[in-house]
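Chain by chain, the residues run as shown.
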Amino acid sequence: MTERTAAEAGKAPTTGGVPAEHVEVLIVGAGISGVGAAWYLHRDCPDTGYVILDAEDSFGGTWWTHRFPGIRSDSDLHTFGYSFKPWIGPPIATAQEILKYMGEVIEENDITSHIRYRHKVLKADWSYDDSLWRVEAQRTDTGETVRFTANFLYMCQGYYRHRQGYTPEWEGMADFKGPIVHTEEWPEDLDYAGKKVVVIGSGATAATVVPAMAQTAAHVTMLQRSPTFFRTGRNAIEIAEELRKLHVDEEWVHEITRRKILYEQDAFTRMCFEKPEVVKRELIGNVRNLLGPDYDVDTHFTPSYRPWRQRIAFVPDADLFKGIAEGKASVVTDEIVRFTENGILLKSGVELEADVIVTATGFNMCMMGDIAFTIDGRKLDFSQTVNYRGMMFTGVPNLAWVFGYFRASWTLRAELVAAFVCRLLNHLKATGAKSVEPALRPSERDMELLPWIDEENFNPNYLLRAMDMLPKRGTTREWQHTQDHWREAEEFPAIDLEDEVFVYRWGARSNVAAE
């Protein structure tokens, strides 16, 4: 069978007075998840027409929108990259290297013709009578309203607002005479050469931007309220280097390296739960070795929480710590009282002088891309749904959602979801069903429903701030977003599509069957 483009899929009836283009699958987002989803559709559903809508001018998602100095991955590209395309560069890659890699995937698989850039999705309404999603988008370049209908909606848009970072409201911000810049809203003309810079934050973004800015700034101070765990290492994978010396094919190098990394990540995560104090001593001991015996590691690099309750940032080649050891950067652990004309007044009474202040303070989570969802015209509140395996929602037909791992690369889970979605789409076609949605089995209807994530397990601030918009989880693995890639890699391909958890419909809402 040959692939059908959106144009070949035809036009749907007029909606709201504007002709709607019909596609079988509508993918929202041309980032790492959306491009991967397209690849799987090409391979597993070659006769299924699809379109990708993205609000930006180009593909890449995070790697396109983030422009701050030093922007790089905080996951290795052997696992953040796709299983089907070998990664050949250094494991921690720059945004430009990642975009080049994604561009090759798009070009090699003829995905370009399926992407509509500058299309911001505003509304999505499911019609039970028509078994269709009616989607409204706006052209960001012309302001034109465009409409689509789709049999299946595939949400690959990520989970935060790309153009609006989270910045707390500190007293006196208007008094500061210099620029205050969030890393997600980086101006192209920001000049910090030879200037004193304060970077507020302690996570992966701060650990990236501090050493990058320190190369030309007079001095960079990382101001944090509390410390974060870091891992360091050479920006290379030894086994990959050895295999290349033996002239092993890159496909083999990629797969073997991926498996080794995944094995080691799993072992490290288990250690964090089983022997947290041992892991804590090792991580902090490494920092002591880098900064020397006289540095106050207890204050600045000794977190109060168990390792992996928040993301552990990897610092390639220890560049952050080298910058501190060389005096180009420093760390202050304190609380902000207010901004002043010349900097920041701290709780300790110290005033940090600054010419430029950078807020690397996290992001604003938006679970579904700030899209107004409705079902038959009634508002859809995802927080009242239960999340099936972290990818579907009770009461929401023909929709899949990609949310990757916290403790492993995002793409690992995105690919598991993509393979499942293709299998589900083929099952719908084979059975003639028009829609499918997950539902609690009769035996599960009294199951305790809990917040989407267990705060004792993982509790970054961006997630805690957004908990009220997230779906519920249950007490069994099927109704949870787990962090266990090893088990999910076996479980997802084995999901029984005829299980009673899936409610299929062959037409109008009354025509229902649970397989």
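Residues numbered from 1 in each chain as written. Predicted model: local features only at pLDDT ≥ 70, side-chain atom pairs only at ≥ 80, totals over all residues. Heavy atoms only, no water.

K.L.:
Tell me about the overall build of the chain, and please be specific about residues and values.
P.N.:
A tally of helices and strands in the chain yields 14 helices and 27 strands. Over its C-alpha trace the chain gives a radius of gyration of 24 Å, about what one expects of a compact globule, namely 24 Å for 515 residues. Going through the 515 residues of the chain one by one, you find that 56% of them count as buried. On the chain, the mean spot of the 56 positive side-chain charges and the mean spot of the 76 negative ones are 1 Å from each other. (Helix = DSSP H or I, 4+ residues; strand = E, 2+ residues; numbered from the N terminus. Rg over C-alpha atoms; globule rule 2.2 N^0.38 Å. Buried < 20%, exposed > 50% of the residue type's maximum accessible area, 1.4 Å probe, protein only. Lys, Arg positive; Asp, Glu negative; His and termini not counted. Charge placed at Lys NZ, Arg CZ, Asp CG, Glu CD.)

K.L.:
Could you give an account of the sheet that holds strand E15 (residues 336-339), with specific residues and numbers?
P.N.:
Whenever strands of a sheet pair, they do so through backbone hydrogen bonds, lying parallel or antiparallel. An order of E15-E16-E17 is seen for the three strands of this open sheet, with the pairing classed as antiparallel. Of all strands in the sheet, those bounded by a partner on one side alone are E15 and strand E17 (351-353). Between one strand axis and the next, the sheet turns through 25 degrees on average, direction left out of account. Here three bridges tie E15 to strand E16 (residues 343-346), and the two strands are oriented antiparallel to one another. By the bridge assignment, isoleucine 336 is partnered in E16 with leucine 346. (Pairing = 2+ DSSP bridges. Axes fitted to C-alpha atoms, helices over the stretch in contact; angles between N-to-C directions.)

K.L.:
Explain the packing of helix H7 (residues 238-245) against helix H8 (residues 250-274) to me, using residue names and the numbers behind them.
P.N.:
Between H7 and H8, whose axes approach to 9 Å, the crossing angle comes to 155 degrees. Taken together, H7 and H8 sit at an angle that is classed as roughly antiparallel. In this structure, H7 crosses over H8, and the sense of that crossing is right-handed. Here H7 contributes Ile239, Ala240, Leu243 and Arg244 to the contact with H8, which in turn contributes Glu250, Val253, Ile256, Thr257 and Lys260. In terms of residue class, the contact of H7 with H8 is built from five nonpolar, one polar and three charged. (Parallel < 35°, antiparallel > 145°, perpendicular 65-115°, else oblique. Left-handed = near helix turned anticlockwise from the far one by under 90°. Contact = heavy atoms within 4.5 Å. Nonpolar A, V, L, I, M, F, W, Y, C, P; charged D, E, K, R; others polar.)

K.L.:
Describe the pattern of salt bridges, and please don't skip the residues or the numbers.
P.N.:
Counting across every chain of the model gives 35 salt bridges. Its salt-bridge partner being arginine 338, residue glutamate 171 comes within 2.9 Å of it at the nearest N-O pair. One end of the pair, glutamate 171, is in the loop between strand E8 (160-165) and strand E9 (180-182); the other, arginine 338, is in strand E15, and 167 residues separate them in sequence. Among the residues examined, arginine 338 registers a relative accessible area of 21% and is labelled partly exposed. Linking arginine 487 and glutamate 491 is a salt bridge whose minimum nitrogen-to-oxygen distance equals 3.6 Å. In this pair, arginine 487 and glutamate 491 both sit in helix H14 (residues 485-491), four residues apart, roughly one turn of the helix. Looking at glutamate 491, the relative accessible area reads 19%, which means it is buried. The structure contains a network of salt bridges with shared partners spanning Asp57, Arg118, Arg139 and Asp141. (Salt bridge = Lys/Arg side-chain N within 4 Å of Asp/Glu carboxyl O.)

K.L.:
Residues and numbers for the side chain of threonine 48, please.
P.N.:
Mapped onto the elements of the fold, threonine 48 is located in the loop between helix H2 (32-44) and strand E3 (50-53). Residue class for threonine 48 comes out buried when judged on its relative accessible area of 3%. A polar atom in the side chain of threonine 48 sits 3.1 Å from the side chain of lysine 429. (Polar contact = N/O pair within 3.5 Å; in protein donor to acceptor, adjacent residues only side chain to side chain.)

K.L.:
Which residues make up the pairing of strand E5 (residues 119-127), and what are the values?
P.N.:
In the case of a regular strand, side chains alternate between the two sheet surfaces. Taken together, the eight bridges between E5 and strand E6 (residues 132-139) define a ladder with antiparallel strand orientation. Considered in E6, the bridge of histidine 119 is made with arginine 139. Direction of pairing for E5 relative to strand E20 (residues 372-375): parallel, over a ladder of four bridges. If you follow lysine 123 over to E20, its bridge partner there is alanine 372.

K.L.:
An account of the layout of surface pockets is needed here, citing residue identities and associated values.
P.N.:
Computed from the structure, the second largest pocket encloses a volume of approximately 740 Å³. Taken together, 26 residues make up the lining of the second largest pocket; nearest its centre are Arg231, Ile261, Glu264, Gln265 and Phe314. At the level of elements, strand E12 (230-233), H7 and H8 are the ones that each hand at least two residues to the lining of the second largest pocket. Considering each element in turn, the lining of the second largest pocket owes the most residues, six residues, to H8. Taken together, the residues of the lining of the second largest pocket sort by class into eleven nonpolar, six polar and nine charged. (1 Å grid on protein atoms, 1.4 Å probe; cavity = no way out; pocket = protein on both sides within 12 Å on 5 of 7 lines; lining within 4 Å. Points joined across faces, edges and corners; volume = space filled by probe spheres on them.)

K.L.:
Tell me about helix H6 (residues 204-214), and please be specific about residues and values.
P.N.:
Because each turn of an α-helix spans 3.6 residues, side chains separated by three or four positions in sequence point in the same direction. Here H6 lies mainly inside the structure; nine of its eleven residues are buried. Of the residues making up H6, those classed as buried are Ala206, Ala207, Thr208, Val209, Val210, Pro211, Ala212, Met213 and Ala214.

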